[in-house]
Amino acid sequence: MVADGRFREDLYYRLNVIRLRVPPLRERHSEVPAIVNYYVNHYSAKFGRRDITITSQAVDLLMVFDWRETCGS
């Protein structure tokens, strides 16, 4: 992005001194309900739908799913 001129070079080097480690979702199962809720609300608003729901059983399945199987790890 810096080479393309889409990001300021000086800002890139200032921000590049901070390293943030965000663990993969498979290590943060407790965040799944909040993520599901965010996307349900986002797409409900985007498509003007108020009837989109996700069952608690579906959220439970997402929380226990072994994400490594689909992420190539």
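Residue positions are counted from 1 within each chain, in the order its sequence is given. The predicted origin of the model limits local features to residues at a pLDDT of at least 70 and limits the giving and counting of side-chain atom pairs to 80 or more, whereas totals for whole chains, interfaces and linings rest on all residues. Water and hydrogen atoms play no part in the side-chain values, which are based on all heavy atoms of the structure.

1. Observations concerning the overall build of the protein chain
Then step 1. Secondary structure elements follow DSSP: runs of H or I no shorter than four residues count as helices, runs of E no shorter than two count as strands, and numbering proceeds from the N terminus. Per the secondary structure count, the protein chain includes 4 helices and 0 strands.
Then step 2. Taken from N to C terminus, the helices and strands of the protein chain fall in the order α-α-α-α.
Then step 3. For a compact globule the rule gives 2.2 Å times the number of residues to the power 0.38, and the radius of gyration it is set against comes from C-alpha atoms. By the compact-globule yardstick of 11 Å for 73 residues, the protein chain is too spread out, its C-alpha radius of gyration being 18 Å.
Then step 4. If you line up the protein chain on its principal axes, its C-alpha atoms span 50 × 35 × 20 Å.
Then step 5. When the 73 residues of the protein chain are sorted by exposure, 8% land in the buried category.
Then step 6. For every accessible area listed, the method is Shrake-Rupley and the probe measures 1.4 Å; residues are considered covered only by the protein chains on display. Working note: accessible area of the protein chain is about 6,500 Å², and carbon and sulfur atoms make up 56% of it. To sort residues, take the accessible area from a 1.4 Å probe on protein chains only and compare it with the maximum for the residue type: under 20% means buried, over 50% means exposed, and anything in between is partly exposed.

2. A short note on the packing of helix α2 (residues 32-46) against helix α3 (residues 56-64)
Then step 1. In this analysis an axis means a line fitted to C-alpha atoms, helices contributing only their contacting stretch, and an angle means the value between N-to-C directions, from 0 to 180 degrees. Across the interface, α2 lies against α3 with an axial gap of 9 Å and an inter-helix angle of 125°. With respect to α3, the element α2 is oriented oblique. Crossing geometry of α2 relative to α3 is assigned as right-handed. Across the interface between the two elements, Val32, Pro33 and Val36 from α2 touch Val59, Leu62 and Met63 from α3.
Then step 2. Among the residues forming the contact of α2 with α3, the class breakdown is 6 nonpolar, no polar and no charged. The scheme is simple: roughly parallel for angles under 35 degrees, roughly antiparallel for over 145, roughly perpendicular for 65 to 115, oblique for anything else. A clockwise turn of the near helix away from the far one marks a right-handed crossing, whereas an anticlockwise turn of less than a right angle marks a left-handed crossing. Should any heavy atoms of two residues lie within 4.5 Å, those residues are considered in contact. In the scheme used here, Gly and all other residues not listed as nonpolar or charged are polar, with Ala, Val, Leu, Ile, Met, Phe, Trp, Tyr, Cys and Pro taken as nonpolar and Asp, Glu, Lys and Arg as charged.

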